[in-house]
Structures are given as structure tokens and as C-alpha cells.
Amino acid sequence: INRLLRQMSKKDGRGRLRVSMWVLSSTCLPRRDIPRAVKDFNEIGYRCEETHGVPGRQREETAGVVVCWDPTRFVLLHILRGGQRVNKRVVRTGRILWLRFAVMGDGALGTEARRALDFDLFACYMPVRGSGANGHACPKYDAYVANTWRALIQRALPLANHDRLLIMGDLNVETSLHAAQR
């Protein structure tokens, strides 16, 4: 996290954060340490939202997704959930986080033109489909992977028609060649 803090704190020639938005997938942090990490990112100028990870087989926690953005460039918008306005939707704990953003203008764009730039972001850390010679070879895990992808598709596909959708993070996509080699 310290190396990431150093990298992300760099400024551009105008004194703004050089990286305007980024996703940290697989936080590798225990749940109790994530608020401290988010506070550290806030102190260098970012605003962040997160979904903590899930219990791992070998570590206390695996997965987890954090989205950080420069508030001088993006504004977090509300998403409706059950009729209530919320800042984020956790589509799958530790795996998929849904946020909506408005792009901050420099004053040259009118309100309607800026509104046309609003976008939905799905920050992901998708589960790995296979590892080793035989993959995970577990029907329960295969169902977990399929359900995680289904959740992303079901939430993202209706928004794709509006041409304002961004999917970021680690998708752990397996090529057909890799699958055939297993």
C-alpha cells in the first residue's frame, strides 16, 4: 500500500493528481485495515469507495475492490437501490462494485453537455476460472465463478445501451487457448 500511495500522490503540471481514477483489486488487506488505507488515499486527495473481500482458504481475506477518484475531476452520483439513493452498490461482496460518476468540467461545457458525460463504473476483481493443470475442478467453485459473471452481466448489460459504461479492474479472463490446454 505504501508504494501505491507514493505512486498515486504524484501531481501533473497543473498541480492536480496525475491519475484521476483507479481501481485497486485484491486489496490483500484484512477487513479492519481497509478504512485506514482509504483514509490514507483521502489524505493525498482522492475520494474512495470499497467493498471488502471475502474469507479466503489460505489468507484471512481475499479479493476486495477499492475505487479512488480525484474529486476535482469526478463527482460521485447516487444510484437507486430499493427506492433509496445510495453512493454505491455492492453487486458481489469483494468482487463487483457499481458507482456512477459525473465528469467535472472546466466551465466550457453547459450543464446538459456535462450530464451527457455521466457514466456508470463497475470495478471488478473477478474470480479465477482455473489454476494448475486441472483448474479448480470443483463444481461449487465453478458455480461461484459463473454466478459472479452473471451478476456483472445482468447489472452492466442494460446500462451498455447508453454508451456510458466503464468496466475496470482485474477480470481474470482466461483465453480459450489456456482453457484448451487444461
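Chains are numbered independently. Their residues run from 1 in the order of the written sequence. At least 70 in pLDDT is required for a residue's local features to be given in this predicted model, at least 80 for side-chain atom pairs to be given and counted, and no such filter applies to totals for whole chains, interfaces and linings, which use all residues. Side-chain measures were taken over the full set of non-hydrogen atoms in the model, leaving aside hydrogen atoms and water.

A. View of the nonpolar core. Residues Met-21, Val-67, Trp-69, Leu-99, Phe-101 and Leu-121 are the most contacted members of the largest nonpolar core, which totals 16 residues. Strands are runs of DSSP state E lasting at least two residues, helices are runs of H or I lasting at least four, and both sets are numbered from the N terminus onward. Counting only elements with at least two residues in this core, the list comes to strand 1 (21–25), strand 3 (65–69), strand 4 (74–77), strand 8 (96–103) and strand 9 (119–125). When residues of this core are assigned to their parent elements, the largest contribution, 4 residues, is made by strand 9. Beyond its immediate sequence surroundings of up to four residues, Leu-99 is in contact with Glu-49, Val-67, Leu-76, Ile-79, Asn-87, Lys-88, Phe-119, Asp-120 and Leu-121. Put simply, buried Ala, Val, Leu, Ile, Met, Phe, Trp, Tyr and Cys residues joined by side-chain atoms within 4.5 Å make one nonpolar core. Remark: exposure states derive from per-residue accessible area (1.4 Å probe, protein chains only) relative to the maximum for the residue type, with buried under 20%, exposed over 50%, and partly exposed in between. Residues are treated as being in contact if the distance between any of their heavy atoms lies within 4.5 Å.

B. Molecular detail of the sheet that holds strand 2 (residues 47–51). One open sheet accounts for 3 strands, arranged 1-3-2; its pairing is antiparallel. The open sheet is flanked by strand 1 and strand 2, the only strands paired with a single partner. Across the sheet, the mean angle separating the axes of adjacent strands is 15 degrees when strand polarity is ignored. Pairing of strand 1 with strand 3, which is carried by 5 bridges, proceeds in the antiparallel orientation. If you follow Ser-25 over to strand 3, its bridge partner there is Val-65. Geometry is summarised by axes, namely lines fitted to C-alpha atoms with helices restricted to the contacting stretch, and by angles between N-to-C directions that run from 0 to 180 degrees. On top of the sheet, helix 2 (residues 34–43) reaches strand 1, strand 2 and strand 3; it is set at about 160 degrees to strand 2, its chief contact. Between any two strands, pairing holds if DSSP finds at least two bridges.

C. Looking closely at the state of the cysteines. To count as a disulfide, a pair of cysteine sulfur atoms needs to be within 2.5 Å. Counting across every chain of the model gives 1 disulfide. Each sulfur in the disulfide pair Cys-48 and Cys-68 lies 2.3 Å from the other. Taking the sign of the torsion about the S-S bond as the criterion, the disulfide between Cys-48 and Cys-68, at about 105 degrees, is right-handed. Separated by 20 residues along the polypeptide, Cys-48 in strand 2 and Cys-68 in strand 3 bring together distant segments of the chain. You'll find Cys-48 and Cys-68 in the same group, each marked buried.

D. Summary view of the pattern of salt bridges. Salt bridge, as used here: a side-chain nitrogen of Lys or Arg that lies within 4 Å of a carboxyl oxygen of Asp or Glu. Throughout the structure, instances matching the rule amount to 6 salt bridges. A salt bridge links Glu-43 to Lys-39; the nearest nitrogen and oxygen atoms lie 2.8 Å apart. Of this pair, Glu-43 and Lys-39 both sit in helix 2, separated by 4 residues, roughly a single helical turn. Classification of Lys-39 by relative accessible area gives partly exposed; the value is 48%. Between Arg-73 and Asp-70 there is a salt bridge whose closest N-O contact spans 3.5 Å. For Arg-73, a relative accessible area of 15% translates into the label buried. Through salt bridges with shared partners, a single network forms among Asp-12, Asp-70 and Arg-73.

E. Structural detail: helix 4 (residues 139–160). Expected helix span is given by 1.5 Å per residue-to-residue step, counting one fewer step than there are residues. Helix length check: helix 4 (22 residues) gives 31 Å between terminal C-alpha atoms against 32 Å at 1.5 Å per residue, within 8%. For helix 4, the secondary structure elements touched by its buried residues are strand 7 (89–92), strand 8, strand 9 and strand 10 (165–170).

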